[in-house]
Amino acid sequence: MPTLEGNVSLKIPAETQSGKVFRLRDKGVKPVRGGARGDLYCKVMVETPVNLTSEQRALLRKFDESLRADNSDHTPREEGFFEGVKKFFAGGGE
């Protein structure tokens with residue numbers, strides 16, 4: 001990712017949710033009157049695929065059913081995965 005002094009690598013952990021903010025220490029702006037550089041903050045924005053075919057939608061439904069079948073909590077929010085996808089495609093996503 002680009003910074004003020006060139007590119008740096010940022011490892012994004014698996015299952016990182018949209019909106020998560022990472023801090024890159026000492027990669028921000030240097031004060032005009034001297035002193036240490038500030039921190040650079042990077043906000044993750046996860047993109048959801050658009051223009052899915054009916055087969056791809058069916059696969060997403062099947063994936064959602066498999067998540068619900070094992071009775072484990074796989075979502076960081078109260079609504080299920082597929083409800084979030086439906087909401088996004090209906091125009092309610094971020």
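Residues numbered from 1 in each chain as written. Predicted model: local features only at pLDDT ≥ 70, side-chain atom pairs only at ≥ 80, totals over all residues. Heavy atoms only, no water.

Glancing now at the packing of aromatic side chains. A complete count under the given rule lists zero aromatic pairs for this structure. One cation-aromatic arrangement involves Lys20 over Phe22; the distance from NZ or CZ to the ring centre is 5.5 Å. (Phe/Tyr/Trp six-rings, centres within 6.5 Å; stacked < 30°, edge-to-face > 60°. Lys NZ or Arg CZ within 6 Å of the ring centre and 35° of its normal.)

Here the focus is unusual backbone geometry. Here the phi dihedral of Glu15 falls at roughly 70°; this positive angle occurs in a residue that is not glycine. On the accessibility criterion, Glu15 (74% relative accessible area) is exposed. Positive phi is not limited to glycine here, since Asn51 has a value of about 55°. Residue placement: Asn51 occurs in the loop between β4 (40–43) and α1 (54–69). (Buried < 20%, exposed > 50% of the residue type's maximum accessible area, 1.4 Å probe, protein only. Helix = DSSP H or I, 4+ residues; strand = E, 2+ residues; numbered from the N terminus.)

Turning next to the side chain of Thr3. Looking at the secondary structure, you find Thr3 in strand β1 (residues 2–3). For Thr3, a relative accessible area of 17% translates into the label buried. At a separation of 2.4 Å, a polar atom in the side chain of Thr3 contacts the main-chain carbonyl oxygen of Gly6. Not counting chain neighbours up to four residues away, the residues in contact with Thr3 comprise Val8, Lys27 and Leu40. (Polar contact = N/O pair within 3.5 Å; in protein donor to acceptor, adjacent residues only side chain to side chain. Contact = heavy atoms within 4.5 Å.)

These values are about where atoms sit, not about what they do.
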